[in-house]
Amino acid sequence: MALLKVKFNQKKRVKLAQGLWLMNWFSVFAGILVFSMGLFLKIELRKRSEVMDNSESHFVPNSLILMGILSCAFNGFAGKICYDSLDPAKFAKWKPLLKPYLALCFFFNILLFFVALICFLMRGSLESTLAQGLKNGMKFYRDTDTPGRCFMKKTIDMLQIEFKCCGNSGFKDWFEIQWISNRYLDFSSKEVKDRIKSNVDGRYLVDGVPFSCCNPSSPRPCIQYQVTNNSAHYSYDYQTEELNLWRRGCREALLHYYSSMMSSMGAVVLLVWLFEMSVMVGLRLLHTSLESITNPEDPECESEGWVLENNLKDTFKSALENLKKIGKFNQVQADTEGAEGEEGGKTQAITTVS
């Protein structure tokens, strides 16, 4: 028994073809939207590529761009088929291509669904990428005179100001690295010498943070140096007072920004996928309804359309049988080639002996 079997007359077939033509052009615009989202996400990731450890994060935007291009191509082609289906003479040339085209559409929709899922599942990979990238970026913050790294200070400062964050996971991350360049340290000063000597790696560590960590909304002037020293500031308690520094780490801020963006894009791609599935089902109904016309000379006659010729169970069984046949055919070919090779070897050996 066929799945989703529908009876059609000439009027219904025309309406279906016209509706599908319109839906395919909507799908082309949806493909442009998916392409644009991928391009936008790629640009946003490129902006902060200096604080990302690898290029794996670009898998999502690249996938969206590819799916957008394929969607425009597939749906533009389907729109042409639906338009030509109104004329039996024009539709005849598309008949041999429809089954392979619908198979390609099926695999395209599977890929589109997986891309939508990836948009929701990339959070873990993105978090590790940001964690390592920000850690490396903070290490290079002081290298304002080093070619290739001189921009890092500006990048980190602008990032902390824009996203209202400080450090990798918090402001205390700055206490563990030397973020002040050696050119601005007075090495004749006893305090500087003592701080460098007290560190195993010979770094100048302070309990301070860059100016970009300061929260301008705080009524108190920013305390960015000697953050943990209560006696260095009037009426100040490091343990209890709310500091006028950004509390949130930049990893969390960027992760929230990109995750929410990808989740929104994933939701849009899922909607596009549902629309594409409905178009594919409609195209299949149009294809089968035109093929099942009993009298081609009478365009007014009724016909039947279906999504699957048999039910799901029978279709699955026949697909497995076809795969087994292909496997057996390949095996027979391999055995035949092997036998021919052995026979050729024996003939050559006999010739040599004689």
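Position numbers for residues count from 1 along each chain, tracking the sequence in the order it is written. Selection of residues for local features in this predicted model requires a pLDDT of at least 70, selection of side-chain atom pairs for listing and counting requires 80 or more, and totals for whole chains, interfaces and linings are taken over all residues. Computation of side-chain values: all heavy atoms of the structure, hydrogens and water removed.

Enquirer: I'd like to hear about the overall build of the protein, residue by residue, with values.
Expert: Numbering of helices and strands runs from the N terminus, with a helix taken as a DSSP run of H or I at least four residues long and a strand as a DSSP run of E at least two residues long. Within the protein, the secondary structure is distributed over nine helices and two strands. Along its sequence from the N terminus, the protein presents helices and strands in the succession β-α-α-α-α-α-α-α-α-β-α. Partly exposed residues are those whose accessible area sits between 20% and 50% of the maximum for their type, while under 20% is buried and over 50% is exposed, using a 1.4 Å probe and protein chains only. Each of the 354 residues in the protein was classed as buried or not, and the buried ones make up 39%. Residue contacts are defined here by distance: any two heavy atoms, one from each residue, within 4.5 Å place the two residues in contact. Contacts in the protein between residues far apart in sequence, at least 24 positions, make up 73% of those at least 6 positions apart. Using a 1.4 Å probe, the Shrake-Rupley method yields the accessible areas, and only the shown protein chains count as cover for residues. Put simply, the protein shows about 20900 Å² of open surface, and 61% of that area lies on carbon and sulfur atoms.

Enquirer: Run through the UniProt feature "transmembrane region" (unreviewed entry) in the protein, naming residues and quoting values.
Expert: UniProt positions are given in the numbering used here, feature names are shortened, and annotations may be inferred rather than shown by experiment. The feature "transmembrane region" (unreviewed entry), as given by UniProt, occupies residues 20–41, 101–122 and 255–275 in the numbering adopted here. Taken end to end, residues 20–41 has its terminal C-alpha atoms 31 Å apart, with 100% of it in helix and 0% in strand. In residues 255–275, helix accounts for 100% and strand for 0%; the two terminal C-alpha atoms are 30 Å from one another.

Enquirer: Describe in detail the pattern of salt bridges, supporting the description with residues and values.
Expert: Here, a salt bridge means any side-chain nitrogen of Lys or Arg that lies within 4 Å of a carboxyl oxygen of Asp or Glu. Here the structure, examined in full by the defined rule, presents 10 salt bridges. A salt bridge links Glu44 to Lys47, with the shortest nitrogen-to-oxygen separation between them at 2.9 Å. Of this pair, Glu44 and Lys47 are both found in helix H1 (residues 10–47), three residues apart, which corresponds to roughly one turn of the helix. You can call Glu44 buried: its relative accessible area is 6%. A relative accessible area of 48% means that Lys47 is categorised as partly exposed. Salt bridges sharing common partners tie together Glu44, Lys47, Arg48 and Glu162.

Enquirer: Lay out the environment of Lys93 in plain terms, naming residues and giving numbers.
Expert: Relative to the helices and strands, Lys93 resides in the loop between helix H3 (88–91) and helix H4 (95–121). Judged by its relative accessible area of 52%, Lys93 falls in the exposed class. When the C-alpha positions of Lys93 and Ile81 are compared, they lie 9.7 Å apart, and in sequence the two are 12 residues distant.

Enquirer: Mind laying out the side chain of Asp173, listing which residues take part and the relevant values?
Expert: Counting through the fold element by element, Asp173 comes out in the loop between helix H6 (152–163) and helix H7 (190–197). Positive: Lys, Arg. Negative: Asp, Glu. His and the chain ends are not part of the count. No salt bridge is formed by the buried Asp173; its nearest oppositely charged neighbour, Arg251, is found at 6.8 Å. Counting of polar contacts relies on pairs of N or O atoms within 3.5 Å, with two restrictions inside protein: one atom must be capable of donating a hydrogen and the other of accepting it, and residues adjacent in sequence are counted only when both atoms are side-chain atoms. Separated by 2.9 Å, the side chain of Asp173 and the backbone nitrogen of Asn168 make a polar contact. Filtering out sequence-adjacent residues up to four positions away, Asp173 remains in contact with Met138, Gly167 and Asn168.

Enquirer: I'd like a rundown of a nonpolar patch on the surface, residues and numbers included.
Expert: On the surface, Trp21, Leu22, Trp25, Phe26, Phe29, Ile32, Tyr83 and Leu86 cluster together into a nonpolar patch covering about 830 Å² of accessible area. Looking at the nonpolar patch element by element, the count peaks at six residues for H1. Looking at the element boundaries, Leu86 is found in the loop between helix H2 (59–84) and H3. The class for Leu86 is partly exposed, based on a relative accessible area of 37%. Here, patches come from residues exposed beyond 30% relative accessible area and free of salt bridges, joined within 9 Å for like charges and within 5 Å for nonpolar side chains (Val, Leu, Ile, Met, Phe, Trp, Tyr).

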